[in-house]
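# Breakdown of the fold
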Amino acid sequence: MVAAAAALMLSSCSSLSYYTQAAQGQLQLLTNARPIDDWIADSNTNVKLRHRLESARQIRRFAIQEMKLPDNGSYTNYTNLGRPYVLWNVVATPELSLKPIQWCFPVAGCVSYRGYYSKAEAQAYARQLRAQGNDVEVGGVSAYSTLGWFSDPLMSTFINYPDAELARLIFHELAHQVVYVAGDSQFNESFASAVEQAGVEAWLERFGNPQMSEAYERYKTRKSDFLALLLRYRGELERTYKSMEPDSVKRAAKARLFLALQDDYQVLKANWGGYAGYDRFFAEPLSNAHLASVATYNDFVPAFRVLLRREKTWRGFYKAVNQLAKLDKEERHRVLKRLGGTTTPGTLVVQRTMGASP
């Protein structure tokens, strides 16, 4: 995902307290980071962490040398945060709507979440929004991109991901530094998702083994299953809210649908053999905000994959994508729809919990 942290550092529109926590949180993140090489050379570094950092270093080298992603300070340092997430995002919607409230910042543009480095501060802001009658969710974020404004470090919140998932995250976040269009998340995230997909495929071909590939396929299957479930219930809720029924009927239908969603998730877990990796999605009572934080990250991925095949090289691909970025949003989307040959929304991703981008 792309965090508003870099933009917040420049924003005069945010409240002073919000500006302060964002600046302090980012500064602490950078201050506590140490070079990967130092961690690896340190005899006090445990063996598991040393191996994970060596894997991350190799993945970053592949990203730069083979995928021609930016060679800067990003992912050359590591920081142990001592907490499960780097940020907590607050997402809010009206009671009978799936349209998220947005906050707008320079550089990052308008985003449908507000990030806090402190869970307590995120929850305090969530209480304010709930008091105004909104549906609200607070969700943890494992990683984010500052778009190259800062040297994003490796963090304890994701360093223990399996190798292929760690590669996916690093490729995705570095891709945001190649091209980013303020206010067009559909374009930005589809591009980064296309880069991560093609990158992981190439990385697994070079460095993977059957067990690693099988594990990554299981990860993708579970993710696809879970997101299909969310999409189905989001569609049901959208139809309910657009109906001409009175609000009381809509509220009752909303309650039934969220109960059914929880029941169907238990069935899905059983089909996965009890895998509980998505239980955290249900850590708070379900609300519209849970499904509003599901963004269309892959709508244009087929178009970007076509473009990558057409250009044949990573550098040619990035040049073509930057040309698309110069178009106005409407024309840019028209070109991508023609390239992809479809206008049907594809896979979804939950920003705050399911990897990068989130």
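Since we're looking at a predicted model, the values are computed, not measured. Counting from 1, residues in each chain are numbered in the order their sequence is written. Only residues with pLDDT of at least 70 are given local features in this predicted model, and only at 80 or more are side-chain atom pairs given and counted; all residues enter the totals for whole chains, interfaces and linings. Values reported for side chains reflect all heavy atoms of the structure, with hydrogen atoms and water molecules removed beforehand.

For the chain, the helix and strand inventory stands at 13 helices and 10 strands. Exposure classes here rest on a 1.4 Å probe applied to the protein chains alone. A residue is buried below 20% of its type maximum, exposed above 50%, and partly exposed in between. In the chain, buried positions account for 56% of the 358 residues. The contact definition used throughout considers only heavy atoms, calling two residues in contact when any of these lie within 4.5 Å. The contacts of the chain with a sequence gap of at least 6 include a subset with a gap of at least 24, amounting to 76%. Per-residue and other accessible areas follow the Shrake-Rupley method at a 1.4 Å probe size, with only the shown protein chains counted as cover for residues. Only carbon and sulfur atoms are counted for the fraction: they give 51% of the accessible area of the chain, which is about 16,000 Å². Segments assigned H or I by DSSP are reported as helices when at least four residues long, segments assigned E as strands when at least two residues long, and all are numbered from the N terminus.

Right, let's talk about the confidence of the model for the chain for a bit. Looking at the chain as a whole, the pLDDT averages 89, with 89% of positions reaching at least 70. The predictor reports its confidence for every residue as pLDDT, a score running from 0 up to 100. pLDDT under 50 marks residues 4-14. Its contacts with residues more than four places away, or in other chains, come to 28 contacts. When the criterion is pLDDT under 50, residues 343-358 qualifies, and its contacts beyond four places in sequence or with other chains add up to 68 contacts.

Here we come to the sheet that holds strand β7 (residues 135-141). Any two strands between which DSSP finds at least two bridges are classified as paired. With antiparallel pairing, three strands are arranged side by side in an open sheet as β6-β3-β7. The two strands at the open ends of the sheet, each matched to only one other strand, are β6 (114-116) and β7. Within this sheet the neighbouring strands show an average axis-to-axis angle of 25°, counted without direction. The pairing of strand β3 (residues 87-93) with β6 spans three bridges and is antiparallel. Across the sheet, the residue bridging to Val90 is Arg114, located in β6. Here, axes are lines fitted to C-alpha atoms. For helices the fit covers the stretch in contact, and angles between N-to-C directions go from 0 to 180 degrees.

A separate point is the side chain of Ser74. Tracing the backbone shows Ser74 in the loop between α4 (47-65) and β2 (77-79). N or O atoms within 3.5 Å of each other form a polar contact, as long as, within protein, one can give a hydrogen and the other can take it, and as long as residues adjacent in sequence are counted only when both atoms are side-chain atoms. One polar contact links the side chain of Ser74 to the main-chain amide nitrogen of Asp152, over a distance of 3.4 Å. A distance of 3.0 Å separates the side chain of Ser74 from the side chain of Gln177, its partner in a polar contact. Ignoring any residue separated from it by four or fewer positions in sequence, one finds Ser74 in contact with Arg60, Phe150, Ser151, Asp152, Leu174 and Gln177.

The next point concerns the packing of aromatic side chains. Between the rings of Phe, Tyr and Trp (Trp by its six-membered ring), a pair exists once the centres lie within 6.5 Å; its type follows the angle of the planes, with under 30 degrees stacked, over 60 edge-to-face, and the other angles tilted. Evaluation of the coordinates by the stated rule reveals 29 aromatic pairs. When the centroid spacing of 4.5 Å and the interplanar angle of 10° are considered together, the rings of Phe226 and Tyr278 count as stacked. Note that Phe226 is positioned in helix α8 (residues 210-242) and Tyr278 in the loop between α9 (247-271) and α10 (288-292), a separation of 52 residues in sequence. Take Phe226 and Tyr278: they sit in the same class, and that class is buried. Centre to centre, the rings of Trp272 and Tyr278 are 5.7 Å apart; their planes meet at 50°, and the pair counts as tilted. Neither Trp272 nor Tyr278 differs from the other in exposure class; each is buried. An aromatic cluster is defined as three or more aromatic residues linked by ring pairs; in this entry it consists of Phe226, Tyr265, Trp272, Tyr275, Tyr278, Phe281 and Phe282. The cationic tip of Arg34 hangs over the ring face of Trp39; the distance from NZ or CZ to the ring centre is 4.4 Å. Only when the NZ atom of a Lys or the CZ atom of an Arg is both within 6 Å of the ring centre and within 35 degrees of the ring normal do we say a charge sits over the ring.

A few words now on the pairing of β3. Where burial is concerned, most of β3 is hidden: seven out of the seven residues are buried. Burial along β3 is two-sided: Leu87, Asn89, Val91 and Thr93 and Trp88, Val90 and Ala92, pointing in opposite directions, are all buried. Across seven bridges, the pairing between β3 and β7 is antiparallel. Bridge pairing links Trp88 to Gly140 in β7.

Bringing the pairing of β7 into the picture now. Most of β7 is tucked away: seven of the seven residues are buried. Residue alternation in β7 divides its side chains into two sets, Asp135, Glu137, Gly139 and Val141 and Val136, Val138 and Gly140, and both sets are buried.

Attention now moves to the nonpolar core. The biggest cluster of nonpolar side chains holds 65 residues, and the ones touching the most others in it are Leu69, Leu154, Phe171, Phe191, Phe304 and Phe317. The dominant element in this core, judged by the number of residues it contributes, is helix α7 (residues 185-207), at nine residues. Not counting chain neighbours up to four residues away, the residues in contact with Phe317 comprise Phe191, Val195, Phe304, Leu307, Leu308 and Glu311. Residues enter a nonpolar core if they are buried and are Ala, Val, Leu, Ile, Met, Phe, Trp, Tyr or Cys, with the set joined through side-chain atoms within 4.5 Å. If you look at the next biggest cluster of nonpolar residues, it comprises 21 residues, including Leu230, Tyr233, Leu268 and Phe282.

Let's shift gears to the packing of α7 against helix α11 (residues 301-311). For the pair α7 and α11, interaxial distance at closest approach is 8 Å and the crossing angle is 55°. Classified by the interaxial angle, the pair formed by α7 and α11 is oblique. Taken as a pair, α7 and α11 cross one another with a handedness that is right-handed. The segment α7 lies against α11, with Phe187, Ser190, Phe191, Ser193, Ala194, Gln197, Ala198 and Glu201 engaging Val301, Phe304, Arg305 and Leu308. Under this scheme an angle from 65 to 115 degrees is roughly perpendicular, one under 35 degrees roughly parallel, and one over 145 degrees roughly antiparallel; angles in between are oblique. Definitions for this section: a left-handed crossing has its near helix turned counterclockwise from the far helix by less than a right angle. A right-handed crossing has that turn clockwise.

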